Amino acid sequence: MDTKRADIVAAPSRLPLREMLLFVALLAAVLGVYAVMGGAYSTRMLVEAACYAILALGLTIQWGYAGQFNAGVMGFVALGGFSAMFFSIPVNEAFWGSELPGELGRVLLYMVAAILVVLGATRLDRIGVPKRLRTIIAVALGVVLYLVVINALRDVTDQIESRAGFIGGLGLPVGVGWIVGGALAGGVGFFIGRVCLGLRSDYLAIATLGIAEIIKAFLKNSDWLTRGTATVSPLPWPVPGPEAVGFTLARAMYLSVTAVMIAVIFFLLSRAYHAPWGRMIRAIRDNELSAAAMGKDINRRRLEIFVLGCILMGIGGAALASFNSMFDPQGYLPLNHTFLVLVMVILGGPGNNLGTIFGAVAVYIIWIMSEPLALFLMELAVSFGEGAFGWEAPTNMDSRALQARVFVIGLLITLVLRFAPKGLLPEKVKHVA
């Protein structure tokens with residue numbers, strides 16, 4: 001026998017007992033919610049959990065595959081929601097039937113030209129201009145052109161708000177908005193990645209968190225584009241709505257759409273994970289210096305995985321906004337759209353696609369059901385206290401029960417980090433000897 005041959009040490013085949021037990025427990029929890037809360041409520045919960053599963057898959061490939069900690073998930077979710085709104089709601093004839101689109105297009109052309117001029121100024125050193133003078137010229141041009149363009153844009157947007165309310169939509173099929181939402185989030189992720197992926201993981205988290213807040217602030221204050229805090233509703237669905245087939249059936253049909261999306265994404269990510277590209281990404285994550293020594297383009301691969309994760313976040317955000325049938329920039333919160341997704345990935349297992357889906361559904365069930373459960377326990381305690389001690393029931397029990405969500409999620413993440421730091425379904429690593 002040739003002892004020089006390298007043998008692959010594969011783990012012995014076994015029944016995935018742990019996975020089966022966890023998913024059986026999750027199925028039992030879902031059936032319990034259906035029994036207690038009814039079909040319409042429970043189906044809505046599952047649709048929202050499916051949308052969050054898409055968001056969590058986007059984060060798990062960034063953090064689990066490549067070790068990139070993205071603390072700005074909320075911003076990409078908001079971009080997806082904006083795209084779903086802009087492409088699907090009806091056309092606003094008060095805007096498109098006037099001269100305002102031409103004026104807005106002219107200002108946008110000015111903006112593009114200003115950006116090109118500033119970019120050209122940053123390359124003046126290539127024709128012999130000293131670098132310090134180049135920087136001064138680029139900064140001065142940037143400030144002056146920004147003031148000129150922003151003043152012109154403000155004049156046009158004021159007219160849009162006073163005469164048409166806001167731009168409105170394009171009246172296209174819902175799926176177009178979802179696809180463009182993923183592309184828009186990916187484009188913004190590409191810009192962020194080119195600037196920030198050279199930073200250490202903690203600085204990357206701070207940078208993405210700040211950019212997410214900038215995106216939210218822009219959408220919230222652009223009344224001419226999004227109606228700001230006035231919200232836009234109703235957003236159309238890709239399936240017949242509740243008014244046509246009833247709440248339960250309509251939500252079940254929407255759930256089938258999101259389930260198919262998750263199945264396709266799961267299949268593609270699993271193929272990529274086990275392909276040479278996936279092994280290369282994990283090699284960069286585990287030992288960047290060794291991967292670079294083997295000739296791998298570290299920055300390009302890290303940018304690829306970051307953009308891919310942002311695309312999934314944009315698609316998930318678009319699906320979630322369409323299901324809620326409302327676009328509200330003020331409703332995007334770091335707790336709901338960043339921290340909660342992070343908890344889902346931690347619970348399921350970073351880098352494990354199946355574990356991430358499990359974590360998304362499990363955490364969302366806990367998140368949703370903690371409020372009615374806390375309210376039930378509070379009412380039970382108040383009833384006992386009134387009978388035994390003469391207590392007076394507080395008037396704000398509903399809001400206190402809502403706050404129990406934060407306590408329950410905090411307790412959950414503490415327990416997971418203490419007893420299962422790699423998640424309930426950790427990433428499976430094959431060892432080669």
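Bear in mind that the values here come from a model prediction, so they are computed numbers and not experimental data. Per chain, the residues get numbers from 1 upward, laid out in the order the sequence is written. Local features in this predicted model are restricted to residues whose pLDDT is 70 or higher, and side-chain atom pairs enter the listing and the counts only when it is 80 or higher, whereas totals over whole chains, interfaces and linings include all residues. The basis for the side-chain values is all heavy atoms of the structure; hydrogens and waters are excluded.

### Quick notes on the overall build of the protein
Working step 1: Under the scheme used here, helices are H or I runs from DSSP no shorter than 4 residues and strands are E runs no shorter than 2 residues, and both carry numbers assigned from the N terminus. The helix and strand tally for the protein stands at 17 helices and zero strands.
Working step 2: A principal-axis box enclosing the C-alpha atoms of the protein has dimensions of 75 × 75 × 45 Å.
Working step 3: Three exposure classes are used, based on accessible area relative to the maximum for each residue type with a 1.4 Å probe and protein chains only: buried under 20%, partly exposed in between, and exposed over 50%. The buried share of the protein, taken over its 433 residues, is 43%.
Working step 4: Considering only contacts within the protein whose residues lie at least 6 apart along the sequence, 81% involve residues at least 24 apart.
Working step 5: For the protein, the accessible surface area stands at approximately 22600 Å², while carbon and sulfur atoms represent 68% of it.
Working step 6: Under the convention used here, Asp and Glu are negative, Lys and Arg are positive, and both His and the chain ends fall outside the count. In this description, the location of a charge corresponds to atom NZ of lysine, CZ of arginine, CG of aspartate or CD of glutamate. Charged side chains in the protein number 33 positive and 26 negative. The centres of these two groups are separated by 13 Å. What makes two residues a contact is simply this: any of their non-hydrogen atoms within 4.5 Å. Here, Shrake-Rupley sampling with a 1.4 Å probe gives the accessible areas, and only protein chains in the shown set may cover a residue.

### Re the packing of aromatic side chains
Working step 1: Any two rings among Phe, Tyr and Trp, with Trp reduced to its six-membered ring, count as a pair given centres within 6.5 Å; such a pair is stacked if its planes are under 30 degrees apart, edge-to-face if over 60, and tilted if neither. Considering all chains together, one arrives at 14 aromatic pairs under this definition.
Working step 2: Centroid distance W63 to F69: 5.7 Å. Interplanar angle 85 degrees. Geometry classified as edge-to-face.
Working step 3: Aromatic pair W237 and F323: ring centres 5.3 Å apart, planes at 25 degrees, arrangement stacked. Separated by 86 residues along the polypeptide, W237 in the loop between α9 (223-226) and α10 (242-245) and F323 in helix α14 (residues 298-324) bring together distant segments of the chain. The residues W237 and F323 share a single accessibility class, namely buried.

### Notes on the confidence of the model for the protein
Any region with low pLDDT has predicted coordinates that should not be read closely.
Working step 1: For every residue, the predictor states its confidence as a pLDDT score lying anywhere from 0 to 100. Per-chain confidence: the protein averages 88 in pLDDT, with 94% of residues scoring 70 or above.
Working step 2: Across the protein, the secondary-structure element scoring lowest on mean pLDDT is helix α13 (residues 288-293), at 81, and the one scoring highest is helix α3 (residues 73-88), at 96.
Working step 3: Every residue in residues 1-12 scores below 50 in pLDDT, and together they form five contacts with partners more than four places removed in sequence or on other chains.

### Comments concerning unusual backbone geometry
Among all residues save glycine, negative phi is the norm, and among peptide bonds the norm is trans.
Working step 1: The step from S233 to P234 runs through a cis peptide bond, and the omega angle for that step is -5 degrees.
Working step 2: Note that P234 resides in the loop between α9 and α10.
Working step 3: In this structure, T231 takes a positive phi of about 65 degrees despite not being glycine.
Working step 4: One can find T231 in the loop between α9 and α10.
Working step 5: The class of T231 is buried, set by a relative accessible area of 15%.

### With respect to the pattern of salt bridges
Side-chain pairing between opposite charges can occur once the charged atoms of the two side chains come close.
Working step 1: Salt bridge, as applied in this entry: a Lys or Arg side-chain nitrogen positioned within 4 Å of an Asp or Glu carboxyl oxygen. Under the counting rule described, the total for this entry stands at eight salt bridges.
Working step 2: Between R44 and E48 there is a salt bridge, with its nearest N and O atoms 3.3 Å apart. Placement of both R44 and E48 in helix α2 (residues 39-66) is noted, with a separation of four residues, approximately one turn of the helix.
Working step 3: Judged by its relative accessible area of 30%, R44 falls in the partly exposed class.
Working step 4: Here R405 makes a salt bridge to E371, at a shortest N to O gap of 3.5 Å. Taken together, the positions of R405 in helix α17 (residues 397-419) and E371 in helix α16 (residues 353-388) put the pair 34 residues apart, joining distant regions of the chain.

### Focus: the packing of α3 against helix α7 (residues 174-196)
Working step 1: Each axis is a line fitted through C-alpha atoms, and for a helix only the stretch in contact is used; angles between axes span 0 to 180 degrees, taken between their N-to-C directions. Closest axis-to-axis distance for the α3/α7 pair is 8 Å, and the angle between their directions is 145 degrees. Crossing geometry of α3 relative to α7 is assigned as right-handed. Taking contact as the criterion, the partners of F76, L79, G80, F82, S83, A84, F87 and S88 in α3 are, on α7, V174, V176, G177, W178, V180, G181, L184, A185, V188, G189 and I192.
Working step 2: Taken together, the residues that form the contact of α3 with α7 break down as 13 nonpolar, six polar and no charged. Working rule for handedness: look at the near helix, and if it is turned counterclockwise from the far one by less than a right angle, call the crossing left-handed; if clockwise, right-handed. Gly falls in the polar group here, along with every residue not listed as nonpolar (Ala, Val, Leu, Ile, Met, Phe, Trp, Tyr, Cys, Pro) or charged (Asp, Glu, Lys, Arg).

### Let's talk about the state of the cysteines
Working step 1: By convention in this document, the label disulfide applies to cysteine sulfur atom pairs within 2.5 Å. Using the criterion set out here, one finds zero disulfides in the structure.
Working step 2: Among the cysteines around C51, which has no disulfide bond, C310 carries the closest sulfur, lying 18 Å off.
Working step 3: We classify C51 as buried; its relative accessible area is 0%.
Working step 4: C310 provides the cysteine sulfur closest to C196, a residue in no disulfide bond, and the two sulfurs are 11 Å apart.

### A look at α7
Working step 1: Take the number of residues in a helix, subtract one, and multiply by 1.5 Å to get its expected span. With 23 residues, α7 extends 32 Å between its outermost C-alpha atoms, agreeing within 8% with the 33 Å of an ideal straight helix rising 1.5 Å per residue.
Working step 2: Among the residues of α7, V174, G177, W178, G181, G182, A185, G186, G189, I192, G193 and C196 are the ones counted as buried.

### A closer look at the environment of L411
Working step 1: Inspection of the secondary structure assignment puts L411 in helix α17.
Working step 2: Residues L411 and G80, 331 residues apart in the sequence, show an inter-C-alpha distance of 30 Å.

### Points about a negative patch on the surface
Working step 1: On the surface, a cluster of negative charge is made up of D155, D158, E161 and D223.
Working step 2: Tallying contributions element by element places helix α6 (residues 131-163) first for the negative patch, with three residues.
Working step 3: Along the chain, D223 falls in helix α9. The residues that make up patches have over 30% relative accessible area and no salt bridge, and they are joined within 9 Å when like-charged or within 5 Å when they are Val, Leu, Ile, Met, Phe, Trp or Tyr.

### Description of helix α1 (residues 17-37)
Within an α-helix, residues lying three or four positions from one another point in the same direction, as the helix has 3.6 residues per turn.
Working step 1: Taking 1.5 Å per residue, 21 residues should reach 30 Å; α1 reaches 30 Å between its end C-alpha atoms and fits that length.
Working step 2: Among all positions of α1, only E19, L22, L26, V30 and V33 are buried. The buried side chains of α1 occupy one side of the element, clustering within an arc of 80 degrees when seen end-on. Along α1, the residues that are exposed and aim more than 90 degrees away from the buried face are L21, V24, L27, L31, A35 and V36. By arc we mean the arc of the directions from the helix axis to the C-beta atoms, nothing more.

### A short note on the side chain of R282
Working step 1: With respect to the helices and strands, R282 occurs in helix α12 (residues 276-286).
Working step 2: Buried within the structure, R282 lacks any salt-bridge partner; E427 is the closest side chain of opposite charge, at an N-O distance of 4.1 Å.
Working step 3: When sequence neighbours within four positions are dropped, the list of residues in contact with R282 reads Y65, Y273 and E427.

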